[in-house]
Amino acid sequence: DRGQTELRFKAIAEFQKMVHQFLAEGHDYGVIPGTQKPTLLKPGAEKIAKLLDLSDSYEVMERTENWEKGFFAYTVRCRLASMLSGRMWSEGLGECNSMESRYRWRWFWPSDMEAEGLKREGLKTKRVKTRNGMVTQYRVENDDPYSLVNTILKMAKKRALVDAALSAGRLSDLFTQDMEDRGP
């Protein structure tokens, strides 16, 4: 009935207000340049789960580990269940792979390029402000993706938790999960 619906919407609004009041910007959530809303971070997702008395469990849904080519990808499901009843409350999916820019590439300072004997020609560059002025960095393909396997798995797990927490708290009005909500 209409009265119950109004109570539910009021409860959601009150919870959103409480979350916004108690989560810390820069720690629990932050604004990623190019996004319209703050992004919920892992500490904030963990706090939301705790506020709702939810426990988290994880399952690797898909796993690709190509050790010969250095390609690794994981899709993880996070389930949030009531600590009191055990009833499943929400679930989320997270994926991460070694071809994402942050894992596929490394940025080298000019001195590192020389020390490693790497050639600068044809490489993508970016200018970085340092205390000594603007310096060019060079993008080089990561020659050791094998050392990132655990990091990639943990990132998929984190993304799944954030997805599940956003759903559990009905918080998509306040937060985005990741870069998919970038503006034009």
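Here the structure is a predicted model, which is why all the values come from computation and not from measurement.

## A short note on the side chain of T136
Then, in step 1: Mapped onto the secondary structure, T136 falls in strand 8 (residues 133-141).
Then, in step 2: Among the residues examined, T136 registers a relative accessible area of 16% and is labelled buried.
Then, in step 3: Within the local environment of T136, its side chain forms a polar contact with the side chain of R127, the two groups lying 2.7 Å apart.
Then, in step 4: Once you skip the residues sitting within four places of it in the chain, T136 turns out to touch F108, P110, T125, K126 and R127.

## Here's the deal with the pattern of salt bridges
Then, in step 1: Counted by the stated rule, this structure contains nine salt bridges.
Then, in step 2: The partner of E100 in a salt bridge is R159, and the shortest N-O contact between them spans 2.9 Å. Placement of the pair is E100 in the loop between strand 5 (88-97) and helix 3 (101-104) and R159 in helix 5 (residues 149-169), with a sequence separation of 59 residues. The burial state of E100 is the same as that of R159; both residues are buried.
Then, in step 3: Salt-bridge contacts for R106 lead to D143; the nearest nitrogen and oxygen are separated by 3.3 Å. Taken together, the positions of R106 in strand 6 (residues 105-108) and D143 in the loop between strand 8 and helix 5 put the pair 37 residues apart, joining distant regions of the chain.
Then, in step 4: With relative accessibility at 34%, the residue R106 sits in the partly exposed group.
Then, in step 5: What makes D143 exposed here is its relative accessible area of 61%.

Conventions used here
Residues numbered from 1 in each chain as written. Predicted model: local features only at pLDDT ≥ 70, side-chain atom pairs only at ≥ 80, totals over all residues. Heavy atoms only, no water. Helix = DSSP H or I, 4+ residues; strand = E, 2+ residues; numbered from the N terminus. Buried < 20%, exposed > 50% of the residue type's maximum accessible area, 1.4 Å probe, protein only. Polar contact = N/O pair within 3.5 Å; in protein donor to acceptor, adjacent residues only side chain to side chain. Contact = heavy atoms within 4.5 Å. Salt bridge = Lys/Arg side-chain N within 4 Å of Asp/Glu carboxyl O.

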